[in-house]
Each structure stands twice: as C-alpha cells, then as structure tokens.
Amino acid sequence: MDLGLPYMAQLTLQHLYLSFLGTLAGGLVGFLLATWVRRRPRWASVFIGLAEVIQTIPGIALLAFLLLAFGLGDTTLIVGLALYSILPVLQNTYEGLVGVDPVYLDIGKGMGMTPGEIFRQIELPLAFPVILAGLRVALVTAIGIATIGVFIGSGGLGVVIYRGLQIIDMPTIVTGAIPAALLAVLLEVGLSLVERRLSKTTSQR
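Everything numeric here is computed off the predicted structure, so don't read it as measured data.

Peer 1: Would you mind going over the overall build of the protein with me for this structure?
Peer 2: For the protein, the helix and strand inventory stands at 8 helices and 0 strands. Shown N-terminal to C-terminal, the secondary structure of the protein runs as helices and strands in the order α-α-α-α-α-α-α-α. Along the three orthogonal principal directions, the C-alpha set of the protein runs to about 70 × 35 × 20 Å. Counting over 205 residues, the protein shows a buried share of 42%. Within the protein, counting contacts between residues at least 6 apart in sequence, those at least 24 apart form 76% of the total. In the structure as shown, the protein presents an accessible area of about 11000 Å², 69% of it carried by carbon and sulfur atoms.

And the structure:
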C-alpha cells in the first residue's frame, strides 16, 4: 500500500468530508427537533430518550444494521454518523433555547417582534454557544467512529488502520491513527476557542 503524502492527504480529506457530512445531517435533524420541542417538554423527553438509546448502540453494530438497508459504501457510514450526531445537537440546542432568560423574550414582545423574529434575533444568538458545543461533541465523535467505516466499504483513514491490522504492521496502523487523532484534537481545540469567544461576546450583551 502506498502511504505517501498525496495518498494520506486524500484519505484525510475523505475522512473529514464523511465526518462533516454525517454530523451536519444529524445536526440538522437534532436542531429542527429541538426548535419544535422547546415549548413541549414532554416531547423533548421522548426524543432525547430515543436519541440516547441510539447512542448506546456500539458503532460496529449500528453500521452492520444499517448495512442491510443501505448496502456497502459511504452512505451507510454517513447515516450512522448522522444518527450518532442527533443527541448532542438535540440536547444542547434544547437546553440552550429553554435556558434563554425570559426577560429578553418579554423585551422582544414589548418591541412588537413576531415569534419568528424573537427566535432568530434573540433566542438563537443567545443559545448559539451552547448549540456549537453540541456540534463540537458530535463532530469529534464522528471523527472517531468514521475510522470503522472501512468494515462496511467506506473510505477514510480507517483504510490504512485496517490494512495495518491485516498485516500486523504497527507503523502502518500508526500512520492511519495519528492523522485521525490529530483531526479530532484540532477540531476540539478550534471549536472550543470559538465557543468561548461566542460565550464571552454573548455574556457582554
């Protein structure tokens, strides 16, 4: 197997692309659910509970189950990553929205703002740092889970790790594992810094 820089760069970009796509798909579902249940606490408990059940399923087991529906390839991995991404985004978005101080909502109503304007201009900006924290958790988790996508015919850095396991070659395994770990660390640190800056900006309003 050619482990040159161009090939590893290609796999790294592919790994990042699959992780981002799965996270964005699941994040969108989680966000929409959270905005719908923010005024319906009972439904919030139901959806968060279902998302928690999905989260407890081991990655390889979930992908094996999805394989029956979507077959081999990237689609199965993306769907699996999306399912794992729902909980952190749903939970954080819900908590962020219901945690907005009612005083700000009353001010918006007093200014004659519509419910949609209050959501877009008051609730969403104030809750965004918490929402971003959920996205950060989902994306970092996706980076790790994406490495087992090779078992269902997907690409990414898991290809190199699996090849190293097949031939019991530690340098090959490390060559695939280090970029995956670096991606997770860089995204964790980068998004944490953005999250802190947004939290500081929000608290100063």
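Peer 1: Can you walk me through the environment of Phe47 in this structure?
Peer 2: By the element assignment, Phe47 lies in helix α2 (residues 41-56). A sequence separation of 38 residues divides Phe47 from Ala9, and the C-alpha atoms of the two residues are 38 Å apart. Among residues more than four places away in sequence, those in contact with Phe47 are Leu33, Trp36, Val37 and Leu90.

Peer 1: Explain the pattern of salt bridges here, please?
Peer 2: In the structure shown here, the tally under the stated rule is 4 salt bridges. Among the salt bridges present, the one from Glu123 reaches Arg39, with a minimum N-O distance of 3.0 Å. In this pair, Glu123 is assigned in helix α6 (residues 115-145) and Arg39 in the loop between α1 (5-37) and α2, connecting sequence segments 84 residues apart. One salt bridge in this structure joins Glu188 and Arg136, with 2.8 Å as the shortest N-O distance. In this pair, Glu188 is assigned in helix α8 (residues 170-203) and Arg136 in helix α6, connecting sequence segments 52 residues apart.

Definitions and limits used
Residues numbered from 1 in each chain as written. Predicted model: local features only at pLDDT ≥ 70, side-chain atom pairs only at ≥ 80, totals over all residues. Heavy atoms only, no water. Helix = DSSP H or I, 4+ residues; strand = E, 2+ residues; numbered from the N terminus. Buried < 20%, exposed > 50% of the residue type's maximum accessible area, 1.4 Å probe, protein only. Contact = heavy atoms within 4.5 Å. Areas by Shrake-Rupley, 256 points an atom, 1.4 Å probe, with all protein chains shown as cover. Salt bridge = Lys/Arg side-chain N within 4 Å of Asp/Glu carboxyl O.

Just distances and angles here, no functional claims.
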